[in-house]
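Chains, contacts and geometry: an overview
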Amino acid sequence: LSEENRCMIHAALGEQEKPQVCLDFPYIFRRTPSGLVVGLSFSCPTVRKGEGSLLETRIDELRARASSAWRCDVVSEPLRFDMTYRLGWASYERLEQALMALLNHEETDFLQRLVACSVLLGILRLWLGNYSRATSDPLAEQYVADDVIESFIAVNEKTGFGDVLRIAAKARGSKAARRTFLAL
């Protein structure tokens, strides 16, 4: 890198001469059952500052980059929820939708929304314990049916995630919660 923190290969020879891994940066490519997903690496200073163009404005370019990317991980089912439970893709997407609803709950401050996401996931673990099948091996992995996740989320959506948000508000003020990352 130059003194200005710029790529010297790019400056001297042009973007096309950079190694593939450098061409890919700061993009993170994933192939999922729903299609290509592109994220950004927060090790990039421009990403951390929230600068640069929106990914939505570069869809064709990003598809082309993904086709030649050095790394494009494939997400396959089932997905690991924790050490015990596995989810199908539809359940994952539904859970992501619920978490995004909590993150977008603008009437609540951002840190409390993060705590609420953690609370929702914690309650889900408890909920899944009620649906666990009896097994002789307590460490056996268990696949969670889509309807179980759907019913859990539906119950919480029906109340506007009210219980989750109330627990998050109380947890955020506790001494134990202040020692955790999400409750700073």
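Residues numbered from 1 in each chain as written. Predicted model: local features only at pLDDT ≥ 70, side-chain atom pairs only at ≥ 80, totals over all residues. Heavy atoms only, no water.

The subject of this paragraph is the overall build of the chain. Of regular secondary structure, the chain possesses 9 helices and 6 strands. Looking at the chain residue by residue over its 184 residues, the buried ones come to 30%. Sequence separation of 24 or more characterises 59% of the internal contacts of the chain that already satisfy a separation of 6 or more. For the chain, the exposed surface amounts to about 12200 Å²; the carbon and sulfur share of it is 56%. (Helix = DSSP H or I, 4+ residues; strand = E, 2+ residues; numbered from the N terminus. Buried < 20%, exposed > 50% of the residue type's maximum accessible area, 1.4 Å probe, protein only. Contact = heavy atoms within 4.5 Å. Areas by Shrake-Rupley, 256 points an atom, 1.4 Å probe, with all protein chains shown as cover.)

Right, let's talk about the layout of surface pockets for a bit. Looking at the largest pocket, its volume works out to about 1100 Å³. Lining the largest pocket are 28 residues, and of these Arg-6, Phe-25, Pro-26, Cys-44 and Thr-46 sit closest to its centre. Those elements that provide at least two residues to the lining of the largest pocket are α2 (20–24) and α3 (45–48). When residues in the lining of the largest pocket are grouped by element, the largest group, 3 residues, is from α3. Grouping the amino acids of the lining of the largest pocket by side-chain chemistry returns 13 nonpolar, 7 polar and 8 charged. Of the pockets and cavities examined, the second largest pocket occupies roughly 280 Å³. In terms of lining residues, the second largest pocket is bounded by 15 residues, among which Thr-32, Val-37, Val-38, Tyr-92 and Glu-96 are the most central. (1 Å grid on protein atoms, 1.4 Å probe; cavity = no way out; pocket = protein on both sides within 12 Å on 5 of 7 lines; lining within 4 Å. Points joined across faces, edges and corners; volume = space filled by probe spheres on them. Nonpolar A, V, L, I, M, F, W, Y, C, P; charged D, E, K, R; others polar.)

In short, geometric facts, not functional conclusions.
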